[in-house]
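Read off the chains here:
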Amino acid sequence: MDYRNAFDMTGAVAVVTGGSRGIGFEAAVALGQCGAKVVIASRDQSSLDAAVRRLAESGVEATYTVLDVTDSSAVNKAADAIVAQHGQADVLVNSAGIARLNSALETSDDEWRAVVDINLNGLFWCCRAFGRHMVARGKGSIVNIGSMSGLIINRPQTAASYMASKGAVHMLTKALATEWAKSGVRVNALAPGYVATDMTLKMRERPELFNTWLDMTPMGRIGEPAEAAAAVVYLASGASTYVTGTILSVDGGYTAW
Ligand code: NDP
């Protein structure tokens, strides 16, 4: 291995769901700066437009596709269209996700379904659609954004739907990793701790939540999107060719206590 080039993604095509904001956007910056051509996907066209402009300012060649990951036939069409246009999809980062804080007893059917539909079902539709092309080509790396909430139960907030969905993402990651290992397709997950994105913005404004989070994080701070994105590049790139089925924690030590 030429270690200086282990993270070089030149010539790779990387698809990032949830790429318009937060961890997905930063993963797109990181993969793009390492040389990949990036396609970002989410539901809102104007945020995608703005994100592609910001990516260009960071020197990243990117395009977008408007996609709701819960629509499995739209996901299949998007995967086929991206592969037809670019000739391949080397990397898929599944970052689209939502969180809803609620007690179990107050969680409505609709809320439960919305969280599971985006975080788990949508992620599977994307893995299946892009995985089909990767398996046929014998090459690919999928990085699912799981969460420390798939490993531990957060507190003081309650969010059973979110934690269940993320635990399932981790097991799905391992299942796909073993199914596709001999086909040259690696599947890993990142398990971030609290990260400064829109998802946590309202929660960070609540001192009773935020102070507990800081107290429970050995490093005493939350993470930046770039700190998650750097780990995405590791899992996506040639630096991790013998890594599959792993859940990589990037959480300031939260799950060590
Ligand atoms: P953000 O809220 O900042 O971004 C979420 C992204 O997902 C947006 O681009 C959003 O775009 C997109 N998205 C949401 N629903 C859909 C959908 N149905 N189809 C397509 N795209 C969708 O969240 P983060 O960046 O913080 O989170 C990214 C991932 O990281 C999530 O899976 C989250 O669970 C996980 N994570 C986050 C942590 C944190 O502390 N922030 C900690 C651990 C894990 P749009 O709404 O326009 O479609």
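Preceding this paragraph is the structure being described.
Now for a description of the structure that goes with this document. This structure is a prediction, so every number in the text was calculated from the model and none was measured. (Residues numbered from 1 in each chain as written. Predicted model: local features only at pLDDT ≥ 70, side-chain atom pairs only at ≥ 80, totals over all residues. Heavy atoms only, no water.)

## Concerning the overall build of the chain
Selection criterion: Only DSSP runs of H or I covering at least 4 residues are called helices, and only runs of E covering at least 2 are called strands; the numbering of each starts at the N terminus. As a reference, a globule follows 2.2 Å times the number of residues to the power 0.38, and the radius of gyration itself is taken over C-alpha atoms. The buried label applies to any residue whose accessible area, calculated with a 1.4 Å probe on protein chains only, is under 20% of its type's maximum; exposed applies above 50%, and partly exposed to all values in between. Note on contacts: a residue pair qualifies if any of its non-hydrogen atoms lie within 4.5 Å across the two residues. Here the open area of atoms and residues is found with the Shrake-Rupley method and a 1.4 Å probe, where only the protein chains shown may cover a residue. As used throughout, the charge tally considers Lys and Arg to be positive and Asp and Glu to be negative, leaving His and the chain termini uncounted. Taken as the charge centre is NZ of Lys, CZ of Arg, CG of Asp or CD of Glu, depending on the residue.
Within the chain, the regular secondary structure consists of eight helices and seven strands. A compact globule built from 257 residues would reach a C-alpha radius of gyration of about 18 Å, and the chain, at 17 Å, matches this within 12%. Put simply, the chain has 257 residues, and 48% of those count as buried. When contacts within the chain are restricted to residue pairs at least 6 apart in sequence, those whose partners lie at least 24 apart make up 74%. Just so you have it, the chain exposes about 11900 Å², and 53% of that area is on carbon and sulfur atoms. For the chain, the distance from the average site of its 22 positive side-chain charges to the average site of its 24 negative ones is 5 Å.

## Description of the nonpolar core
Inclusion rule: Take the buried residues of types Ala, Val, Leu, Ile, Met, Phe, Trp, Tyr and Cys, join any two whose side-chain atoms come within 4.5 Å, and each joined set is a nonpolar core.
Counting residues in hydrophobic clusters, the biggest one holds 34 residues, and the most contacted among them are Leu31, Ile40, Leu55, Val93 and Val232. Of all the secondary-structure elements, those providing two or more residues to this core are strand E1 (13–17), helix H1 (22–33), strand E2 (37–42), helix H2 (45–57), strand E4 (91–94), strand E5 (140–145) and helix H8 (225–236). Grouped together as the second largest cluster of nonpolar side chains are 29 residues, Ala41, Ala89, Leu92 and Leu176 included.

## Some remarks on the sheet that holds E5
Whenever strands of a sheet pair, they do so through backbone hydrogen bonds, lying parallel or antiparallel. Spelled out, the test is: When DSSP finds two or more bridges between two strands, those strands count as paired. Axis lines are fitted to C-alpha atoms, over the contacting stretch for helices. Their N-to-C directions set the angle, which ranges from 0 to 180 degrees.
On the basis of which strands lie adjacent, the open sheet formed by seven strands has the order E3-E2-E1-E4-E5-E6-E7 and parallel pairing. Edge positions in the sheet fall to strand E3 (62–66) and strand E7 (247–250), since each of these pairs with one other strand and no more. Across the sheet, the axes of successive neighbouring strands diverge by a mean angle of 20°, strand direction being ignored. As paired strands, E4 and E5 are joined by four bridges and run parallel to one another. Following the sheet pairing, asparagine 94 is matched in E5 by asparagine 144.

## What to know about the layout of surface pockets
Definition in use: Only protein atoms enter the 1 Å grid used here, on which a cavity is any set of points holding a 1.4 Å probe that cannot leave and a pocket is any open set flanked by protein within 12 Å on both sides along at least five of seven lines; residues with an atom within 4 Å of a point are listed as lining. Grid points are joined across faces, edges and corners, and a volume is the space filled by probe spheres set on the points. Charged means Asp, Glu, Lys or Arg here, nonpolar means Ala, Val, Leu, Ile, Met, Phe, Trp, Tyr, Cys or Pro, and polar covers whatever is left, Gly included.
Approximately 850 Å³ is the volume attributed to the largest pocket. Contributing to the lining of the largest pocket are 41 residues, with Ser95, Ala96, Gly97, Ile98 and Met199 lying nearest its centre. Mapped by element, the contributors of at least two residues to the lining of the largest pocket are H1, E2, helix H5 (160–180) and helix H6 (198–204). With four residues, the top contributor of residues to the lining of the largest pocket is H6. Broken down by class, the residue content of the lining of the largest pocket amounts to 19 nonpolar, 16 polar and six charged. Estimated volume of the second largest pocket: approximately 220 Å³. Taken together, 15 residues line the second largest pocket, and the ones lying closest to its centre are Asp90, Val91, Lys139, Ala236 and Gly238.

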